[in-house]
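Each chain, written out:
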Amino acid sequence: MKYPEYKQPLDYAKVGEDVLAWWQQNHIFEKSVSSREGQPTFVFYEGPPSANGAPGIHHVMARAVKDIFCRYQTMLGKQVPRKGGWDTHGLPIELQVEKELGITKEDIGHKISIEDYNQRCKETVMRFKAQWDDLTQKMGYWVDLDDPYVTFEPEYIESCWALLKKLYDKGLLYKGYTIQPYSPAAGTGLSSHELNQPGTYKDVKDTTAVAQFKVKHDEKSEKLFAAAGAPNANVFILAWTTTPWTLPANTGLAVGKNIPYQLIRTFNPYTFEPIHVVLAKALVGRYFSEKGAAALLEGYAESDHKLLPWRLEGEFTGADLVGINYERLFDTEAGFPHFEGEENAFRVIPADFVTTEDGTGIVHISPTFGADDFRAAQLAGIPALMVPDDQGKLGPIVDRTGRYVAQMGEFGGRWVKNYDGHDQSGADYKTLDESIAIRMRTNGTAFKTEKYEHTYPHCWRTDKPVLYYPLDSWFIKTTAVKDRLIELNKTINWKPESTGSGRFGNWLENLVDWNLSRSRYWGTPLPIWRTQDRTEEICIGSIAELKAEIDKAVAAEVMTHNPYANGEKIDLHRPYVDDIFLVSPSGQPMYREPDLIDVWFDSGAVPYAQWHYPIENADIFHKNFPADFIAEGVDQTRGWFFTLHALAVMLEDSVAFKNVIANGLVLAKDGQKMSKRLGNAVDPFATIKQFGPDATRWYLIANAPPWDNLKFDPAGVVEVQRRFFGTLFNTYSFYALYANLDGFEIDENNRVAHAELSELDRWVLSKLQSLVAEVRLQLDSYDPTKAPGPSRIS
RNA sequence: GGGCUUGUAGCUCAGGUGGUUAGAGCGCUACACUGAUAAUGUAGAGGUCCCUGGUUCGAGUCCAGGCAGGCCCA
């Protein structure tokens, strides 16, 4: 018998196992790479999976996508090296270890040493590696598992340090601040994880204020004064805040570009002065009554002031207001401090978070006390109000204990909230918010002040209100290359296109600097050492450099000995690097900046660090950069896709990848998200065991484009199995049966001349060539779903 | 709240640049074959193209506004 005949029913899982065994015995994957030595390469980067959880069915889909294009290019004759890798650092692993040990972040360094804790993280992260390797093989994903990169290895970290140093030398690494939840009572920053603890958000009654910001009359504001009908009119912009203590730190006002605003002629309800105010059209009704519109303007000052008269004078959009200058509310004449950049402050700017839900539709911006404020101000070039402390270091108007700094005039030294537990029971006791409100009512800068109940986050340890406060962080100045990031992004072939131009493109348009700092333990440490007075610092770019600097420090007696002198293997993690002190050129000791870097830096560094570049292997790196193709979930848009792109543009002035598929999610068959809790998660091992890898992969790819969400229905896999593989199998069996009966044999050396072929034969050959052309066309354009299409039709 | 995305037959999905009776597979119904048979062939039924407005001689397709699901970010 020439052609093997199989019995029904065919065991698809068995076929998969047999093929896998044959691959492994004959090293087929290895040969598919080694046999193409010298051929053009097709560069692929494996997005490192984190091995701290079991793989799911969506990983099978993501990896099937990767596998398809790598194999296709291999079949076209290219060499496609595929280095596997593991992402091993980061918060999810730390949280898992904390949970398993029953500890919190505060216990690290006390109940458990940093050394033991990090050891535990290292063990935990590789716990599922065996499962991942198993799935990788069973699903038939070809990737090099024998020589993967691992982000916690010293060589990998060393590469990250070298890259950081390159950025540092280009002036792209700097220390600044970011607005984070901060507990003055506990003296510590809070993570979003801590803020999500139950009970942190409480209803509190605060003094709120609608402040009047006086518009300066210049060409930017001319239209307002024209509508008011007097060049010397008192025109104010109204902004509401639930935290009046932030008003002295105001440096800007934010409007929504498309929101309609109105100019209203009326009176200040406390001083009875005639004024003109600007607020959102949608909110005029909150402050002005129907009756007031009809009330006489004349005679209000002498009336009982119960009814506030008003008149509409004009309407503008937010875009009309942008750029208008206004007078500082708490000015230097009243004893409040000058600050750096104040000539650029006190301007109306646009912001996308402005709504007309509450307040006045205009948001008071204090860049030191709000994350949104900070971001909007940074985008618009508005400075923050910062004052120097006794050491000359710039800081916000509130110190770390929660008090106004001394420079704050009549309010200097006042507590922002009651952080020290002082007595508030006295009859004439006033909170800072109340004192500020009284001042504003007196000098005609408050349009309305009232008590208002709202929810506000509190520190889970001290029960005191949280402040949003500027905390030190290290940044990569991605905004310096923003235009180039956008420009190069346009050269990338995104599948689907909308992810590149929309989600990713918009993200780049609104880019802020990349906050690298993480106050954690398990990750790549920041390789920067500084003197205590912050005047001297060094960025270490390699282990060799570190050793040399340690030798200098030992010579200067800053360190007693070099812990790496006798050639033992270096561990660059905490706590070891924290125990290294270096010496500055002027002879001062330097201490490591205690932060870790964002794990996304680790993964963005894959193209370099997987080869231990730039320490070594420059030739290998250049041969394998940039990638021709990568694929990952759409949730990586601001993660891996961004960090790859950002680092490539800053370091190499290049894209990191030319083609990218951003695949969607795999949902349960009812369209719900898969979760262990709902019990609707599909086990990839069971699926492959039941249906075999071929039907599983075919279903995942052919059923819907990978960038759409896929509703995973096992019945669909059954259908694929019957419809496609069943047909294929039956067709083969039919052929095998009769070919064997007739003793048909193909004689490669004596084929029938084309001209002598029957019409039917020629039709079939034509059909085949059309199929090949169609499949190639679709695979060349990175559409794996359309590629199998033609083969499904007869 | 913002960005992106999806909504076409019972199910899963196709439907460049607007143009006759809106398609495929599965499922369903009927018939045929009974040496491919837990198959195969032939035929058929089945749709308010999410809703509302608009542009147009003409809209599943273009525009605006909603509704519902999803992802990411606040």
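Above this text sits the structure in question.
How each quantity is defined
For every chain, the first residue of the written sequence is number 1, and numbering continues from 1 onward in sequence order. Both sets of labels track the order of writing: A upward for chains, 1 upward for ligands. The model is predicted, so local features are restricted to residues of pLDDT at least 70 and side-chain atom pairs to those at 80 or more, both for listing and for counting; the totals for chains, interfaces and linings are taken over all residues. The side-chain figures draw on all heavy atoms in the structure; neither hydrogens nor water molecules are used. Secondary structure elements are defined from DSSP: runs of H or I of at least 4 residues count as helices, runs of E of at least 2 residues count as strands, and each element is numbered from the N terminus. Under the convention used throughout, the expected extent of a helix is 1.5 Å for every residue step, that is, one less than its residue count. Under the scheme applied here, a residue whose accessible area is under 20% of the maximum for its type counts as buried, over 50% as exposed, and between as partly exposed, the area being computed with a 1.4 Å probe on protein chains only. Think of the arc as the fan of directions from the helix axis to the C-beta atoms. Contact criterion: two residues are considered in contact whenever any of their non-hydrogen atoms come within 4.5 Å of each other. Near is defined per residue: the residue qualifies when any heavy atom it owns lies within 4 Å of the molecule or strand. For this analysis, a polar contact is any N or O atom pair within 3.5 Å, provided that within protein one partner can donate a hydrogen and the other can accept it, and provided that sequence-adjacent residues contribute only side-chain to side-chain pairs. Residue polarity is assigned by list, with Asp, Glu, Lys and Arg as charged and Ala, Val, Leu, Ile, Met, Phe, Trp, Tyr, Cys and Pro as nonpolar; anything else, Gly included, falls into the polar class. Two rings from Phe, Tyr or Trp (for Trp, the six-membered ring) form a pair when their centres sit within 6.5 Å of each other. Planes less than 30 degrees apart are called stacked, planes more than 60 degrees apart edge-to-face, and all others tilted. Only when the NZ of Lys or the CZ of Arg is both within 6 Å of the ring centre and within 35 degrees of the ring normal is a charge said to sit over the ring. For two strands to pair, DSSP has to find at least two bridges joining them. Angles shown run from 0 to 180 degrees and are taken between the N-to-C directions of axes, each axis being a line fitted to C-alpha atoms and, for helices, limited to the stretch in contact. An angle below 35 degrees is read as roughly parallel, one above 145 as roughly antiparallel, one from 65 to 115 as roughly perpendicular, and any other as oblique.

1. Points about helix 1 (residues 12–26)
One full turn of an α-helix is made of 3.6 residues, so residues set three or four places apart face in the same direction.
Then, in step 1: Its 15 residues place the ends of helix 1 21 Å apart at the C-alpha level, agreeing with the 21 Å of an ideal helix rising 1.5 Å per residue.
Then, in step 2: All of the buried residues in helix 1 are Tyr-12, Ala-13, Gly-16, Leu-20 and Trp-23. Considered in projection along helix 1, the buried side chains sweep an arc of 100 degrees and stay on one side of the axis.
Then, in step 3: At its buried positions, helix 1 is contacted by helix 2 (28–34), helix 3 (57–75), helix 6 (129–138), helix 22 (684–702) and helix 23 (714–742).

2. Considerations on the protein's contact with RNA strand B
Then, in step 1: Taken together, the neighbourhood of RNA strand B is formed by 22 residues, with Arg-503, Asn-506, Asn-703, Asn-709 and Tyr-738 sitting nearest.
Then, in step 2: When atoms of RNA strand B within 4 Å of the protein are split into backbone and base, the sugar-phosphate part holds 81%.
Then, in step 3: Measuring from a base oxygen of RNA strand B, one finds a side-chain N or O atom of Arg-503 at 2.4 Å.
Then, in step 4: At 2.8 Å from a sugar or linking oxygen of RNA strand B is found a side-chain nitrogen or oxygen belonging to Asn-506.
Then, in step 5: Only helix 16 (497–509) and helix 23 provide two or more residues apiece to the surface near RNA strand B.
Then, in step 6: A per-element tally of the surface near RNA strand B places helix 23 first, with six residues.
Then, in step 7: Considering only residue class, the surface near RNA strand B consists of six nonpolar, six polar and ten charged.

3. Focus: the packing of aromatic side chains
Then, in step 1: Evaluated as defined, the whole model comprises 39 aromatic pairs.
Then, in step 2: Aromatic side chains Phe-369 and Tyr-469 sit 6.4 Å apart centroid to centroid with 50 degrees between the ring planes, which places their arrangement in the tilted category. With Phe-369 in the loop between strand 12 (362–365) and helix 13 (371–380) and Tyr-469 in strand 16 (residues 467–476), this residue pair connects regions lying 100 residues apart in the sequence. The pair Phe-369 / Tyr-469 is uniform in exposure class, with both members buried.
Then, in step 3: One Lys or Arg, Arg-71, reaches over the ring of Trp-142 and ends 3.8 Å from the middle of that ring.
Then, in step 4: One cation-aromatic arrangement involves Lys-477 over Tyr-174; the distance from NZ or CZ to the ring centre is 5.2 Å.

4. Remarks on the sheet that holds strand 22 (residues 582–583)
Then, in step 1: Spatially, 21-20-23-22 is the arrangement adopted by the four strands of the open sheet, whose pairing is antiparallel. On the outer flanks of this sheet lie strand 21 (537–539) and strand 22, each paired with one strand and no other.
Then, in step 2: Here strand 20 (residues 528–531) pairs with strand 21 via three bridges, running antiparallel. Bridge assignment links Ile-528 to a residue of strand 21, and that residue is Cys-539.
Then, in step 3: Seen against the sheet, helix 7 (residues 154–169) touches strand 20 and strand 21 and runs at an angle of roughly 130 degrees to strand 21.

5. A word on the side chain of Thr-74
Then, in step 1: Checked against the element boundaries, Thr-74 lands in helix 3.
Then, in step 2: Apart from residues lying up to four places away in sequence, Thr-74 is in contact with Ser-32, Arg-36, Val-80 and Arg-82.

6. A few points about the packing of helix 22 against helix 23
Then, in step 1: Running from N to C, helix 22 and helix 23 point in directions that differ by 90 degrees, and their axes come no closer than 9 Å. The angle between helix 22 and helix 23 places the two elements in the roughly perpendicular class. Contacts between helix 22 and helix 23 involve Gln-690, Phe-691, Asp-694, Ala-695, Thr-696, Trp-698 and Tyr-699 from the former and Pro-714, Gly-716, Val-717, Val-718, Val-720, Gln-721, Phe-724 and Phe-725 from the latter.

7. Topic: helix 15 (residues 482–489)
Then, in step 1: Among all positions of helix 15, only Leu-485, Ile-486, Leu-488 and Asn-489 are buried.
Then, in step 2: At its buried positions, helix 15 is contacted by strand 17 (493–495), helix 16 and helix 21 (640–652).

8. Here's the deal with the side chain of Gln-73
Then, in step 1: Mapping Gln-73 onto the fold places it in helix 3.
Then, in step 2: Residue classification places Gln-73 among the buried residues on the basis of a relative accessible area of 7%.
Then, in step 3: Ignoring any residue separated from it by four or fewer positions in sequence, one finds Gln-73 in contact with Phe-42, Lys-78, Val-80 and Tyr-782.

Fair warning: the whole summary comes from geometry, so function is off the table for now.
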